[in-house]
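Single-letter residue listing:
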Amino acid sequence: MRIGELSERTGTPRRLLRYYEEQGLIAADRAPNGYRDYDDRFVDRVLQIRGLLDAGLPTRIIKQILPCLDKPRVIHFRDATPEMLATLEDQLERMTARVQCLARNRDAIAAYLQEVRATRAPAFGDAPGEPSNP
């Protein structure tokens with residue numbers, strides 16, 4: 001697929017896709033006309049990259065752990081340094097804390113919505129089970 005289709009399927013701007021390619025996170029074949037040609041597997045790969053970036057991981061770490069995220073999972077970390085392992089442990093702790101924070105916020109919003117819906121008086125003229133008039 002061409003870069004425009006990959007962009008549409010992942011919601012990722014073309015500029016970022018080119019950046020991911022420059023960083024060695026994805027790779028494109030080149031058509032005879034010079035256009036980039038991406039394999040379908042890069043849809044999931046780009047979504048993984050975006051998720052890892054959103055979680056706060058820098059591209060240099062993402063590049064090192066991406067092979068571990070492929071299926072079948074074959075992990076080769078012969079060159080993993082103590083610093084790399086410490087960085088990954090730190091990132092794991094940060095992600096866990098963010099997940100816990102998001103879960104607390106999700107639960108608070110759900111409780112708020114439940115309370116509002118339970119105590120909200122129907123507007124004049126509303127039939128039961130229908131949304132209120134604005």
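This text goes with the structure placed above it.
Predicted model, so just to flag it, every value in this text is computed and none were measured.

Criteria and thresholds
Residues numbered from 1 in each chain as written. Predicted model: local features only at pLDDT ≥ 70, side-chain atom pairs only at ≥ 80, totals over all residues. Heavy atoms only, no water. Helix = DSSP H or I, 4+ residues; strand = E, 2+ residues; numbered from the N terminus. Buried < 20%, exposed > 50% of the residue type's maximum accessible area, 1.4 Å probe, protein only. Contact = heavy atoms within 4.5 Å. Areas by Shrake-Rupley, 256 points an atom, 1.4 Å probe, with all protein chains shown as cover. Arc of directions from axis to C-beta. Core = buried A, V, L, I, M, F, W, Y, C linked by side-chain atoms within 4.5 Å. Axes fitted to C-alpha atoms, helices over the stretch in contact; angles between N-to-C directions. Parallel < 35°, antiparallel > 145°, perpendicular 65-115°, else oblique. Left-handed = near helix turned anticlockwise from the far one by under 90°. Nonpolar A, V, L, I, M, F, W, Y, C, P; charged D, E, K, R; others polar.

(A) Summary view of the overall build of the protein. Secondary structure assignment for the protein yields five helices and two strands. Counting all 134 residues of the protein, 23% fall into the buried class. Sequence separation of 24 or more characterises 47% of the internal contacts of the protein that already satisfy a separation of 6 or more. Here the protein displays about 10000 Å² of accessible surface, and carbon together with sulfur accounts for 53% of that area.

(B) Helix α4 (residues 59-69), seen in detail. Within α4, burial applies to Thr59, Ile61, Ile62, Ile65, Leu66 and Cys68. Summarising the axial view, the buried residues of α4 lie within an arc of 150°, below the 170-degree limit, and thus occupy one face. Next to the buried residues of α4 lie α2 (14-22), α3 (41-54) and α5 (82-119).

(C) Main features of the side chain of Gln91. Its location among the elements puts Gln91 in helix α5. You can call Gln91 buried: its relative accessible area is 7%. Contacts of Gln91, omitting those with residues within four sequence positions, involve Gly56, Leu57 and Pro58.

(D) Structural view of the environment of Asp39. The topology assignment puts Asp39 in the loop between β2 (36-37) and α3. Residues Asp39 and Met1, 38 residues apart in the sequence, show an inter-C-alpha distance of 6.4 Å.

(E) Structural view of the nonpolar core. Counting 20 residues, the largest nonpolar core has Leu6, Ile26 and Tyr38 as its most contacted members. For this core, the secondary-structure elements that each account for two or more residues are α1 (3-10), α2, α3 and α4. Looking at this core element by element, the count peaks at five residues for α3. If we skip the residues at most four places from it in the chain, Tyr38 touches Met1, Arg2, Ile3, Leu6, Leu17, Glu21, Ile26, Ala27 and Ala28.

(F) Quick look at the packing of α3 against α4. Across the interface, α3 lies against α4 with an axial gap of 11 Å and an inter-helix angle of 135°. By the angle class used here, α3 and α4 are oblique. Two packed elements cross with a definite hand, and for α3 against α4 that hand is right-handed. When α3 is examined against α4, the residues Arg45, Gln48, Ile49, Leu52 and Leu53 are found in contact with a partner set consisting of Thr59, Ile62, Ile65, Leu66 and Leu69. Class assignment for the residues of the contact of α3 with α4 results in seven nonpolar, two polar and one charged.

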